[in-house]
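Read off the chains here:
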Amino acid sequence: MAWALKLPLADEVIESGLVQDFDASLSGIGQELGAGAYSMSDVLALPIFKQEESSLPPDNENKILPFQYVLCAATSPAVKLHDETLTYLNQGQSYEIRMLDNRKLGELPEINGKLVKSIFRVVFHDRRLQYTEHQQLEGWRWNRPGDRILDIDIPMSVGIIDPRANPTQLNTVEFLWDPAKRTSVFIQVHCISTEFTMRKHGGEKGVPFRVQIDTFKENENGEYTEHLHSASCQIKVFKPKGADRKQKTDREKMEKRTPHEKEKYQPSYETTILTECSPWPEITYVNNSPSPGFNSSHSSFSLGEGNGSPNHQPEPPPPVTDVSLKLNNLLPTTTPQEAQQWLHRNRFSTFTRLFTNFSGADLLKLTRDDVIQICGPADGIRLFNALKGRMVRPRLTIYVCQESLQLREQQQQQQQQQQKHEDGDSNVYHAIYLEELTAVELTEKIAQLFSISPRQISQIYKQGPTGIHVLISDEMIQNFQEEACFILDTMKAETNDSYHIILK
């Protein structure tokens, strides 16, 4: 029974120790919540106010960001818990983005009393489209001439200084602002998500975009190139009032789900808080030519035509180093370096970076759908036709046979004999393809066939009835029959060293 009497004593000791530990854990709570340690910025940084999951590593979850951007548009309720929020916008509608200074006391003192620069972009969310973003935007520019993808609603915005929109960057706007003052930017997105889908089946879903904001401070040279903060959110853009209908549809679908299923989805928030992300990688957007203009106090919104930044000009084509590359058709044996030269010479310079490691065989294996998906409809069809060597059918084709070689008498005797050996057979015809259907074009094509200057051909005649010579005119050529055959005879002109050509 001795061991049974020790149990209550042991329990009393354990219980006493727990009480002491609990009392110790409560000590200092009032001190921690003192007025001097309380910060509204810390409260706003709590996960319950973030409204979306952070994509940063776990070590950065408690990091207080220097700035916070809030898009005043509701998030979709049809987004799962651990997915990024999705916000629906109407095309052309002005949406407010609040620029909040979220710094702690003493943080980034170098920007106190100074302006910072923010660059807004609408970019693609899908990685597949990110690789071809330049081509996609160029295709959009071609279909919507004079329009922009992203604009700032200047009259509604507050606190922005010197807003700018570069004519060569349709999806980018930038401005200066003072973090110590209230700043709200109203943006308008003019493209819709379905403009970048293939629409093979008519009702295809639109692609998601990203609104990204990159903020920079001024360096010693007065240029805004030192990165401070970047954040973004996922959006989809619909035709006017389409975002409201989509939001209502998602809400009705969620109401029909069971309580257990609803637990797997995020609630819809009235605003969208942009989450921290990596800065935009293209340096040319940061260190561009308009930047020095921010030193001026003059406020303007540049939308006029201009040459744009020299950083956006196509790279000069590399020199041709191989004789085989002079051919128009790409060969399977073409190396990646030679393929780059072929792209430059055939006016596909904007795609050289995309096809950096593609050899001739790689490019020739691409199907028509592949090329259109990568390059867009307009340039995709053009590139596919160039890869397959498809030539445009000429308006008129005629066949000519050389009867006399007097056109070569000015050259050396050895060259004349060689030309006679190659072309002297009257049964050999040459094809001449005409596009403009003019006498000047016919003269140039015949001169090119005989390797002489067009100036050496004085006139071209067609032998008519009873052997008369009828002067060739544009109207006569336009009435030639397709694939007509002619024998070319030459007659030396009397006044100079040129020749007359007679079509028999």
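Since the model is a prediction, treat every value here as computed from it, not as a measurement. (Residues numbered from 1 in each chain as written. Predicted model: local features only at pLDDT ≥ 70, side-chain atom pairs only at ≥ 80, totals over all residues. Heavy atoms only, no water.)

(A) Quick peek at helix 12 (residues 377–387). Along helix 12, the residues that are buried comprise Gly380, Leu383, Phe384, Ala386 and Leu387. Viewed end-on, helix 12 has its buried residues packed into an arc of 160 degrees, placing them on one side of the element. At the exit of helix 12 stands Gly389, carrying a positive phi of roughly 65 degrees. (Buried < 20%, exposed > 50% of the residue type's maximum accessible area, 1.4 Å probe, protein only. Helix = DSSP H or I, 4+ residues; strand = E, 2+ residues; numbered from the N terminus. Arc of directions from axis to C-beta.)

(B) Representation of the sheet that holds strand 16 (residues 469–471) within the structure. A sheet is described by the order of its strands in space; here 6 strands give the open sequence 14-13-17-18-15-16, paired in mixed fashion. Edge positions in the sheet fall to strand 14 (430–434) and strand 16, since each of these pairs with one other strand and no more. Ignoring which end each strand starts from, the neighbouring axes of this sheet average 40 degrees apart. Of the strand pairs in this sheet, strand 13 (residues 396–402) and strand 17 (residues 484–492) are connected by 5 bridges, and their pairing is parallel. Bridge pairing in strand 17 places Gln402 opposite Leu488. (Pairing = 2+ DSSP bridges. Axes fitted to C-alpha atoms, helices over the stretch in contact; angles between N-to-C directions.)

(C) Up close: the pattern of salt bridges. Taken as a whole, this structure holds 15 salt bridges when the rule is applied. As a salt-bridge pair, Asp162 and Arg164 come within 3.2 Å of each other at their nearest N and O atoms. Like Asp162, the residue Arg164 is buried in the burial classification. Between Asp489 and Lys504 there is a salt bridge; the shortest N-O distance is 3.2 Å. Within this pair, whereas Asp489 is found in strand 17, its partner Lys504 is found in the segment after strand 18 (499–503), the two being separated by 15 residues in sequence. Assessed through its relative accessible area of 16%, Asp489 is described here as buried. (Salt bridge = Lys/Arg side-chain N within 4 Å of Asp/Glu carboxyl O.)

(D) The arrangement of the side chain of Arg121 in detail. Mapped onto the fold, Arg121 is located in strand 4 (residues 116–124). With a relative accessible area of 1%, Arg121 lands in the buried category.

(E) The pairing of strand 6 (residues 160–164), seen in detail. Counting buried positions along strand 6 yields 4 of 5 residues, so the element is predominantly enclosed. One ladder, built from 3 bridges, connects strand 6 with strand 7 (residues 172–177); its direction is antiparallel. From the neighbouring strand, Ile161 faces strand 7, where its bridge partner is Leu176.

(F) The arrangement of the pairing of strand 9 (residues 209–218) in detail. Among the 10 residues that make up strand 9, 9 are buried, leaving the element largely enclosed by the rest of the structure. Across 8 bridges, strand 4 lies against strand 9 in antiparallel orientation. When the bridges of strand 9 are listed, Phe124 appears paired with Phe209. Looking at chain direction, strand 9 and strand 10 (residues 224–238) are connected through 10 bridges and run antiparallel. Paired with Lys217 across the strands is Glu226, a residue of strand 10. From the end of strand 9 to the start of strand 10, which pair antiparallel, there are 5 residues, and Gly222 there has a positive phi angle of about 80 degrees.

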